[in-house]
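Fold and geometry: a report
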Amino acid sequence: ESLAALSAHRMQAMIAAPKNLAEIAELCERTPILRGGLDVVISTGSLVTRALSERVRSLLSTNFCCSYGSTEAGISATGPASEIARTEGAVGYVVPGVNIDIVDPAGQPLPATQVGRVRIRRVHIADGYVGDSEDERRKFREEGFFPGDLGAVTSTGMLVIHGREHAVINIGGDKVSPERIESALTAFAKVRDAAAFTIETAIGVRQVGCAIVWHGEADVKALMEHLGKQLNPLFVNSPGGDFHPQ
């Protein structure tokens, strides 16, 4: 009914989070009422994987753009999904009038391509929250806003996000962002959606766990081979008896 209504009202543009775009793309595969009928699609709120980028451009609109921003600082980076998808973690080019600095924990600027904390500065930006806590106030300092992301800016002005400051999986001293794992999972054609997290074994050892929503029948063997090429072998292990398809 939703797709029929969108088609009846001749909708031209759509702005949605990647999760919603994936759901709409799946609906279009089953019911091609809206297929290819949009002038533009804009993704916001999260990273867009290469697999999702290809599906949206194939099913909804070839004019597919990504944007990176926040309520506090507005849109800070944007660009065509076809180009952004070539670089893992890329979210767009820094827009005019916005300065995105990559800084170390002390607030000192880091060289181009080096990963650090993202700081956004612009003329029109929030400077705090009403009744904010000490932790919330720390987001607004050094004349900028810290969204809590880790990233880098390339020499061409492309912002690449490497994860969240406080969302890092630590396995025996080796660290990886859950977003990195989820991106590798969803890049596999048969994986529709995925979430990464840590689990603790019976002997108290932390391991990487994941929940997967499949397209059709599960193919664990092929997925593990795919992950072996995408991730550090430390984070990829045979699921064995711990795999529970549902």
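Residues numbered from 1 in each chain as written. Predicted model: local features only at pLDDT ≥ 70, side-chain atom pairs only at ≥ 80, totals over all residues. Heavy atoms only, no water.

For the rest of this paragraph, the subject is helix H3 (residues 50–59). If you check which residues of H3 are buried, you get Leu-52, Ser-53, Arg-55, Val-56 and Leu-59. All buried residues of H3 project into a common sector of 165° when viewed along the axis, lining one side. Elements in contact with the buried residues of H3: helix H2 (18–30), strand E2 (40–43), strand E3 (64–70) and helix H4 (81–84). (Buried < 20%, exposed > 50% of the residue type's maximum accessible area, 1.4 Å probe, protein only. Helix = DSSP H or I, 4+ residues; strand = E, 2+ residues; numbered from the N terminus. Arc of directions from axis to C-beta. Contact = heavy atoms within 4.5 Å.)

The next subject is unusual backbone geometry. Of note in the backbone geometry, Arg-10 takes a positive phi value of approximately 55° without being a glycine. Position of Arg-10 relative to the elements: it lies in the loop between helix H1 (2–8) and strand E1 (13–16). With a phi close to 75°, Thr-113 is a non-glycine residue in the positive phi region. Under the relative-accessibility criterion, Thr-113 is labelled exposed at 58%.

Our focus in this paragraph is the nonpolar core. Among the nonpolar cores identified, the biggest contains 22 residues, and Leu-21, Val-41, Val-56, Leu-60 and Phe-64 are the most heavily contacted of them. Sorting the residues of this core by element identifies E1, H2, H3, E3, H4 and strand E11 (158–164) as the ones contributing at least two each. Contacts of Val-56, omitting those with residues within four sequence positions, involve Leu-21, Val-41, Ser-61 and Phe-64. Val-191, Leu-223, Leu-227 and Leu-231 belong to the second largest nonpolar core, which has 16 residues in total. (Core = buried A, V, L, I, M, F, W, Y, C linked by side-chain atoms within 4.5 Å.)

Quick look at the environment of Tyr-129 now. Structurally, Tyr-129 can be placed in the loop between strand E7 (116–122) and helix H5 (134–137). Sequence separation between Tyr-129 and Glu-72 is 57 residues, and the spatial gap between their C-alpha atoms is 9.3 Å. In this view, Tyr-129 contacts Glu-72, Glu-136, Lys-139, Phe-140 and Phe-145; residues no more than four positions away in its chain are not counted.

The next thing to look at is the packing of aromatic side chains. Under the defined criterion, the tally for this structure stands at two aromatic pairs. On the basis of an interplanar angle of 80° and a centroid distance of 5.0 Å, the ring pair of Tyr-129 and Phe-140 is categorised as edge-to-face. Remark: Phe-140 occurs in strand E8 (residues 140–141) and Tyr-129 occurs in the loop between E7 and H5; sequence separation between them is 11 residues. For Tyr-129, a relative accessible area of 27% corresponds to the partly exposed category. (Phe/Tyr/Trp six-rings, centres within 6.5 Å; stacked < 30°, edge-to-face > 60°.)

No statement about biological role is implied by the geometric values presented.
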